[in-house]
Amino acid sequence: MKPFLRHQLERYAQRLEELDFLLSREDIMADMTQFLKLSREHADVSAVAKRYARYIERLKDLEAGHALAASSAEDDDMKAMADEEIHSAEQEMAELEVELQRMLLPKDPDDARPAYLEIRAGTGGDESALFAGDLLRMYTKFCERKGWRAEIMSDSPSELGGYKEVVMRIEGDNVFGTLRFESGGHRVQRVPATETQGRIHTSACTVAVLAEPDEAQAVTINPADLRIDTYRASGAGGQHINKTDSAVRITHIPTGIVAECQDDRSQHRNKAKAMQVLSARIQEKERNERAAKDAALRKGLIGSGDRSDRIRTYNFPQGRLSDHRINLTLYKLSFIIEGDLEEVTQALQHARQAEQLAELESSLPA
């Protein structure tokens, strides 16, 4: 284990002793707010400290195994037993080191939040809109695999199928943390159904994943900065929708950010949902501005998540998916497009964790 990791982990053991002392004090127990805050920290610190204690325990077993092997070079049975202990200890220590590294990484509180996933057709005309429909289906099926709940907030279907734009809300376990690296430009290479010459065309869509703001921490929006328009919903929904202006479009005048919702028959509920999307987009704009400042100091492996970044190519003739940020190539596109995204999302998360670990190491004094 690297010295800087040992140093960090030893601080957790020290902090656990401090927390045990603080939580035993009567004045702390009398202050429920302080007590709950320290109790939550105790649970987090204790989890790390216990895994580190197990690592130290196995390190001692490893040292004992090496000592036994050295002292029993001529006893085959004892040496075999020592070798087995050495192998077992080394294997568990390697697993514990990976686990402890991930436990040390800073956690984004937004990772556990629901998310809005936006898909917009880009270059490529009708084929781009069809690809947007394919992406929506891919993400919807991925949500089903994960047991997440997904609902379409607003959509703008194209004439030949697919979508010019579609926004989906996804709720479940660790949604934003899993999907956050899907933001960016997605490119498709394939022979369109309308192509008579059999030529491969390239088109693109943009995807944006936004964390749904915590109501307690949501950005404050001045009502005077909003322009609210109502209109008739364009999608199917029966005579009631066609006769009333139930769809809502909200424009944040200072930033030009727009959000709309038309999935409900109630104008009031559509307005509330559109406000949620608008708040998420404004918060994401602020997040991107902070990320841009950070990127001026260092270049992130995963990228900024800006929609102009081309992050991935879907090559149908070769059955290949390539994620350009981490040089990941998978020849299982037919499965991925059916929602089998687990390998892709995990590879991106592991790449980010490796990047965070390098940042943590470089931030410590030499």
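Structure: above.
Let me begin by describing the structure that accompanies this report. The structure presented is a predicted model; accordingly, all values stated were derived computationally and were not measured. (Residues numbered from 1 in each chain as written. Predicted model: local features only at pLDDT ≥ 70, side-chain atom pairs only at ≥ 80, totals over all residues. Heavy atoms only, no water.)

**A word on the pattern of salt bridges**
Taken as a whole and assessed by the stated rule, the structure comprises 31 salt bridges. We note a salt bridge from glutamate 92 to arginine 54, for which the minimum N-O separation is 2.8 Å. With glutamate 92 in helix α4 (residues 76–104) and arginine 54 in helix α3 (residues 32–71), this residue pair connects regions lying 38 residues apart in the sequence. Between arginine 120 and glutamate 165 there is a salt bridge, with the nearest N and O atoms lying 3.3 Å from each other. (Salt bridge = Lys/Arg side-chain N within 4 Å of Asp/Glu carboxyl O. Helix = DSSP H or I, 4+ residues; strand = E, 2+ residues; numbered from the N terminus.)

**Focus: the sheet that holds strand β6 (residues 226–231)**
A sheet is described by the order of its strands in space; here 3 strands give the open sequence β6-β7-β8, paired in antiparallel fashion. Each edge of the open sheet carries a strand with a single partner, namely β6 and β8 (257–261). Going from strand to strand, the sheet's axes swing by 15 degrees on average, the running direction of each strand aside. (Pairing = 2+ DSSP bridges. Axes fitted to C-alpha atoms, helices over the stretch in contact; angles between N-to-C directions.)

**Concerning α4**
Counted at 1.5 Å a residue, the expected span for α4 with its 29 residues is 42 Å, and the 42 Å between its end C-alpha atoms agrees. Of the residues flanking the start of α4, the one acting as N-cap is aspartate 75, its side-chain oxygen 3.2 Å from the backbone nitrogen of aspartate 77. (Expected span 1.5 Å × (residues − 1). Polar contact = N/O pair within 3.5 Å; in protein donor to acceptor, adjacent residues only side chain to side chain.)

**Looking at the packing of helix α1 (residues 3–23) against α4**
Look at α1 against α4: their axes get within 11 Å of each other, and the N-to-C directions meet at 70 degrees. Classified by the angle their axes make, α1 and α4 are roughly perpendicular. Our pair here, α1 against α4, has a crossing hand that is left-handed. Contact residues: Leu5, Gln8, Leu9 and Tyr12 in α1; Glu97, Leu100, Gln101 and Leu104 in α4. Partitioning the contact of α1 with α4 into residue classes produces 5 nonpolar, 2 polar and 1 charged. (Parallel < 35°, antiparallel > 145°, perpendicular 65-115°, else oblique. Left-handed = near helix turned anticlockwise from the far one by under 90°. Contact = heavy atoms within 4.5 Å. Nonpolar A, V, L, I, M, F, W, Y, C, P; charged D, E, K, R; others polar.)

**Details of the environment of alanine 64**
Tracing the backbone shows alanine 64 in helix α3. On the basis of relative accessible area, alanine 64 is assigned to the partly exposed category, the value being 47%. Residues alanine 64 and alanine 82, 18 residues apart in the sequence, show an inter-C-alpha distance of 8.4 Å. (Buried < 20%, exposed > 50% of the residue type's maximum accessible area, 1.4 Å probe, protein only.)

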